[in-house]
Amino acid sequence: MSDTTISQQDEFIDTEPRIFRVPVSVKGDRLDKILAQLIPEHSRSRLQSWIESGYVTVNEKQGKVRQIVGASDIITVWEPIAEESLAFTPEPVEFTVLGQNSQWIVVEKPAGLVTHPGAGNWHGTLLNGLLYRFPELSQVPRAGIVHRLDKDTSGLLVVARTEQAQTHLVRQLQARTVGREYVALVMGRVMPQGIIDAPIGRDRKVPVRMSTDRPIAPKEARTHYALLASGMVEDKSVSWVRCKLETGRTHQIRVHLSSIGHPLLGDELYGGKPWAGAQRQMLHARRLQFIDPETETVCEFESALAQDMQQVIANIQWEEAPQ
């Protein structure tokens with residue numbers, strides 16, 4: 001690895017490389033296979049990515065995954081810091097705080113922001129931003145996050161500032177006393193109101209999807225919905241819907257509405273089309289109600305729609321103005 005390559009990546013690697021001399025007892029083999037023997041704590045796919053990224057040299061020359069190495073060859077490895085180890089690093093991330101006290105913070109998450117670090121999103125999340133703005137949250141599990149919103153869903157979340165407050169709020173969620181109201185734009189004309197009572201689990205065919213159709217490990221899920229307004233975009237019917245959750249399963253509103261033939265506009269994962277210019281699922285967590293863990297008073301918040309959702313609404317010809 002050249003000095004230039006190292007300097008470009010040094011914030012992501014350990015400063016001291018690991019140096020190996022291939023034992024004389026080892027027969028010649030591919031570099032990735034030899035490394036898998038020398039560093040068995042890492043998977044071969046991870047080692048291959050290190051080689052391809054220039055973190056491995058053989059006899060001071062940049063290594064290649066399939067090159068043959070053998071006895072007495074010198075292998076040098078600059079071990080990258082795993083992305084997941086950066087998951088709880090404070091970072092400046094944009095989000096709005098609508099209210100706070102000594103026990104909680106209510107934030108407005110913009111669409112496109114991941115709530116919590118995970119595979120493929122180890123940094124740049126709401127959690128990273130919370131730790132940056134409220135350093136004391138490093139003492140609370142998951143930086144105080146009590147519940148989540150999907151990446152492309154906008155709206156309200158409550159964050160606990162102490163472990164005691166987090167426990168109290170989680171118990172409220174379990175007891176279904178937290179009020180969560182969402183608004184959504186969906187395809188088709190929805191019935192005036194209804195309850196979707198269908199267990200949700202992992203889809204058997206598409207791992208990133210959830211499903212109500214013979215799902216894996218299904219869990220109880222119940223969504224109340226009501227039609228607020230009907231409209232047309234070109235020659236297609238659309239509906240403006242209010243949803244209230246009894247449970248909080250992954251993708252619950254998206255899965256439930258799709259299961260009754262009304263996927264969200266822009267939600268391609270569940271069959272939604274980009275009508276009226278929708279470029280993400282048209283779902284917003286509009287209202288939030290919970291009990292203050294310290295005072296036992298009821299706290300209520302409401303969030304304005306994101307501008308892209310407002311624009312989609314403006315592109316629809318409504319029979320009556322949505323409320």
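Described in the following lines is the structure provided in the data block. (Residues numbered from 1 in each chain as written. Predicted model: local features only at pLDDT ≥ 70, side-chain atom pairs only at ≥ 80, totals over all residues. Heavy atoms only, no water.)

Regarding the sheet that holds strand β6 (residues 74-77)
Here is step 1 of the chain: One open sheet holds the 4 strands; their spatial order is β1-β6-β3-β4, and the pairing between them is antiparallel. Here the strands that pair on one side only, and so sit at the sheet edges, are β1 (18-21) and β4 (61-62). (Pairing = 2+ DSSP bridges. Helix = DSSP H or I, 4+ residues; strand = E, 2+ residues; numbered from the N terminus.)

Some thoughts on empty space enclosed by the protein
Here is step 1 of the chain: Applying the stated criterion across every chain yields a total of 1 cavity of 30 Å³ or more.
Here is step 2 of the chain: In this structure, the largest cavity spans a volume of roughly 40 Å³.
Here is step 3 of the chain: Every residue along the wall of the largest cavity is listed here: His147, Leu156, Arg180, Glu181, Tyr182, Ala285, Arg287 and Leu288.
Here is step 4 of the chain: Elements supplying a minimum of two residues to the lining of the largest cavity: β10 (179-187) and β17 (283-291).
Here is step 5 of the chain: Residues of the lining of the largest cavity, tallied by class, amount to 4 nonpolar, 1 polar and 3 charged. (1 Å grid on protein atoms, 1.4 Å probe; cavity = no way out; pocket = protein on both sides within 12 Å on 5 of 7 lines; lining within 4 Å. Points joined across faces, edges and corners; volume = space filled by probe spheres on them. Nonpolar A, V, L, I, M, F, W, Y, C, P; charged D, E, K, R; others polar.)

Side note on the packing of helix α2 (residues 31-38) against helix α3 (residues 44-52)
Here is step 1 of the chain: At a minimum axis distance of 9 Å, the contact between α2 and α3 shows a crossing angle of 120°. It follows that α2 is oblique to α3 by the angle criterion. Between α2 and α3 lies a crossing of right-handed hand. Only Arg44, Leu47, Gln48 and Ile51 of α3 make contact with α2, whose side of the interface consists of Leu31, Asp32, Lys33, Leu35 and Ala36.
Here is step 2 of the chain: Class assignment of the residues belonging to the contact of α2 with α3 gives a composition of 5 nonpolar, 1 polar and 3 charged. (Axes fitted to C-alpha atoms, helices over the stretch in contact; angles between N-to-C directions. Parallel < 35°, antiparallel > 145°, perpendicular 65-115°, else oblique. Left-handed = near helix turned anticlockwise from the far one by under 90°. Contact = heavy atoms within 4.5 Å.)

Here we look at the sheet that holds strand β13 (residues 210-211)
Paired through backbone hydrogen bonds, the strands of a sheet run either parallel or antiparallel to each other.
Here is step 1 of the chain: Spatial strand order, β13-β12-β14: 3 strands in an open sheet with antiparallel pairing. Both outer strands of the open sheet, β13 and β14 (216-219), are each paired with one neighbouring strand and no more.
Here is step 2 of the chain: As paired strands, strand β12 (residues 200-202) and β13 are joined by 2 bridges and run antiparallel to one another. Bridge assignment links Gly201 to a residue of β13, and that residue is Ser211.

The values reported here are purely geometric and, on their own, carry no functional implication.
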